[in-house]
Amino acid sequence: MTTKNTHIATRAVQSGYEPKNAEPRVAGIIQSTTYKFDTAEQIADVFDLKDTAHIYSRISNPTVSQLEEKITALEGGTGALALASGHAAVSLAILNLCHAGHHFVAAKSLYGGTINLFSNTLKRYGITCTFIDQDAPLSELQKAIQDNTRLIFAESLTNPGMEVLDFEKFSQLAKHNKLPLLIDNTFPTPVLCQPFEHGANIIIHSTTKFIDGHATSVGGVIVDGGNFNWDNGKFPEFTTPDESYHGVRYAFDFKDFPFVVKARTQLLRDFGPCLSPFNAFLTYHGCQTLALRMERHSSNTLQLAQWLEKQKEVDWVRYPELKSSPYHALAKRYLPEGSSGVLAFGFKGGFEETKQVINRLKLAKLVVHVGDIRTSVVHPASMTHRQLSEDQLLDIKITPNLIRVSVGIEHIDDIIADFKQALFSEQEVISNEQ
Ligand SMILES: Cc1ncc(COP(=O)(O)O)c(C=O)c1O
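One structure accompanies this document, and this report is about it. These figures come from a predicted structure and were not determined experimentally.

**Focus: the overall build of the protein**
- When helices and strands are counted, the protein shows 18 helices and 12 strands.
- Taking 2.2 N^0.38 as the reference for a compact globule, 434 residues should give roughly 22 Å; the C-alpha atoms of the protein span a radius of gyration of 22 Å, in line with that estimate.
- C-alpha extents for the protein along the principal axes are approximately 80 × 55 × 35 Å.
- Within the span of the protein, comprising 434 residues, buried residues form 57% of the whole.
- For the protein, the proportion of contacts with a sequence separation of at least 24, taken over those separated by at least 6, is 73%.
- With an accessible surface of roughly 18800 Å², the protein has 53% of that area assigned to carbon and sulfur atoms.
- Side-chain charges in the protein split into 41 positive and 48 negative, and the spacing between the mean points of these groups amounts to 1 Å.

So this is what it looks like as structure tokens:
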């Protein structure tokens with residue numbers, strides 16, 4: 001039996017599914033939309049949330065539940081809700097707290113798609129967001145809080161800036177204002193960072209990345225820390241009866257994990273972005289080897305970062321574990337076992353020359369993704385963040401010469417050899433070899 005105190009590598013392998021005698025050792029896939037009941041009363045109890053049996057796979061499914069239990073155990077949370085994508089998880093987490101007229105505060109250094117969701121799409125539904133510089137002092141951050149502010153959102157390790165969040169400061173801000181702190185923990189994964197231990201109340205993942213790890217399944221998850229007092233006067237939707245669910249009061253009837261129950265019963269039920277059992281099955285298996293992979297991703301990335309720092313063609317390298325990183329101290333504190341598998345570097349050249357470096361890479365594939373076992377690269381200015389204006393890009397430190405590398409688990413010598421041939425022009429490679 002694994003517990004919250006068991007080492008993360010053990011939890012990754014042992015937690016979640018406990019097969020009974022006649023069941024297969026590995027959790028199977030229940031590829032079914034519906035489940036049979038014996039009596040009308042039984043099914044009525046499930047609709048009333050008195051019984052947690054599976055009723056229909058948009059709301060829950062046994063294979064998806066296994067994944068939810070596994071990730072709950074990894075994060076040390078109280079419950080989880082798996083969803084069709086990381087974006088679905090971010091969207092539903094916000095919508096679980098905000099409706100038209102509400103406001104929230106988010107760190108401005110975020111995945112480009114999240115910035116777009118927060119600054120454009122949610123605005124069309126009357127939900128506004130103030131973006132803050134996560135490195136600003138607490139007194140500055142406090143100015144962003146309004147009477148209608150409902151939550152604070154940040155990434156534990158930002159994509160692609162590789163900035164480490166000052167959890168202590170953000171958790172003080174959240175506590176002082178009686179607001180929940182929502183953390184997107186996609187980049188470090190629970191193996192390298194445990195946000196609930198640092199004041200987070202809700203954790204979100206794009207499981208598509210390192211958790212799946214093999215680029216097979218898009219998915220997302222919301223994890224409840226069960227550690228926020230929803231009965232603080234600011235969140236009546238958690239404390240007053242939900243008429244669409246026979247008067248359930250989430251904060252009291254489901255006090256261990258009210259956030260995910262509310263998200264499941266209201267938002268997953270009505271909007272429907274459920275995870276497929278097959279994707280849940282594959283993602284579950286990704287969890288088993290996650291601890292091992294994160295170790296290798298981190299050590300390979302540090303070695304590549306250190307090598308890149310020494311090259312004259314490279315302007316700068318961003319990786320929190322580097323001594324030169326302004327986030328080194330925060331990384332030591334919040335990511336003591338490694339800073340994950342992504343780095344960013346600036347090539348000494350412009351937009352076009354930088355694209356040429358990417359085109360010359362052979363082992364590293366040009367793939368709009370991170371967290372795969374295979375090394376890949378993107379050029380955010382022309383790809384993932386291309387919908388942002390030049391000013392927005394510079395504001396979040398995405399320069400035209402920035403290359404983001406998701407470092408895989410291949411042998412480090414092969415990875416470095418590939419970057420070596422791509423950085424130098426052909427003539428330079430010949431003269432270097434002489
Ligand atoms: C930090 C972070 N959060 C959320 C997302 C969205 O996840 P998905 O692509 O699974 O919808 C991404 C995608 O790259 C991401 O990097």
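**Let's talk about the sheet that holds strand β7 (residues 220–224)**
- Read across the open sheet, the 7 strands follow the order β1-β7-β6-β5-β4-β2-β3; overall the sheet is mixed. Because the sheet does not close on itself, it has two edges, and the strands there are β1 (79–83) and β3 (128–132). The sheet shows a mean angle of 20° between the axes of neighbouring strands, direction not considered.
- Alignment of strand β6 (residues 202–206) against β7, held across 5 bridges, turns out to be antiparallel. Looking at β7, one finds that Ile 202 is bridged to Asp 224.
- The sheet strands contacting helix α5 (residues 112–124) are β2 (103–107), β3 and β4 (149–155), and the helix crosses β3 at an angle near 145°.
- On the sheet, helix α11 (residues 258–271) packs against β1, β6 and β7 and is oriented at approximately 30° with respect to β1.

**Notes on the site of the ligand**
- Lining the immediate surroundings of the ligand are 13 residues, of which His 87, Asp 184, Ser 206, Thr 208 and Lys 209 lie closest.
- Between an oxygen atom of the ligand and a main-chain N or O atom of His 87, the distance comes to 2.8 Å.
- Within the contact set of the ligand, an oxygen atom lies 2.6 Å away from a side-chain nitrogen or oxygen of Thr 208.
- In the complex, 89% of the free accessible area of the ligand, which totals 390 Å², lies under the protein chains.
- Counted by class, the shell around the ligand contains 2 nonpolar, 8 polar and 3 charged residues.

**Considering the nonpolar core**
- By size, the foremost hydrophobic cluster in this structure holds 124 residues, and its most contacted members are Phe 104, Phe 118, Phe 153, Leu 304, Phe 345 and Phe 419.
- Broken down by element, the residue count for this core peaks at 8 residues, all from helix α13 (residues 290–309).
- For this core, the two domains that each supply at least three residues are domain 1 (8–287) and domain 2 (292–433).
- Beyond its immediate stretch of four places on either side in the chain, Phe 153 contacts Val 90, Ile 94, Val 105, Ala 106, Ala 107, Leu 110, Thr 114, Phe 118, Leu 182, Asp 184 and Ile 204.

**Details of the pattern of salt bridges**
- Overall, the coordinates contain 11 salt bridges when judged by the stated rule.
- Measuring nitrogen to oxygen at the nearest pair gives 2.7 Å for the salt bridge that ties Arg 333 to Glu 168. Taken together, the positions of Arg 333 in helix α14 (residues 328–334) and Glu 168 in helix α7 (residues 167–176) put the pair 165 residues apart, joining distant regions of the chain.
- Arg 333 sits in the partly exposed class, given a relative accessible area of 48%.

The rules behind each value
- Residues numbered from 1 in each chain as written.
- Predicted model: local features only at pLDDT ≥ 70, side-chain atom pairs only at ≥ 80, totals over all residues.
- Heavy atoms only, no water.
- Helix = DSSP H or I, 4+ residues; strand = E, 2+ residues; numbered from the N terminus.
- Rg over C-alpha atoms; globule rule 2.2 N^0.38 Å.
- Buried < 20%, exposed > 50% of the residue type's maximum accessible area, 1.4 Å probe, protein only.
- Contact = heavy atoms within 4.5 Å.
- Areas by Shrake-Rupley, 256 points an atom, 1.4 Å probe, with all protein chains shown as cover.
- Lys, Arg positive; Asp, Glu negative; His and termini not counted.
- Charge placed at Lys NZ, Arg CZ, Asp CG, Glu CD.
- Pairing = 2+ DSSP bridges.
- Axes fitted to C-alpha atoms, helices over the stretch in contact; angles between N-to-C directions.
- Near = heavy atom within 4 Å.
- Polar contact = N/O pair within 3.5 Å; in protein donor to acceptor, adjacent residues only side chain to side chain.
- Nonpolar A, V, L, I, M, F, W, Y, C, P; charged D, E, K, R; others polar.
- Core = buried A, V, L, I, M, F, W, Y, C linked by side-chain atoms within 4.5 Å.
- Domains from an automatic or database assignment.
- Salt bridge = Lys/Arg side-chain N within 4 Å of Asp/Glu carboxyl O.

By themselves, these figures tell us nothing about what the structure is for.
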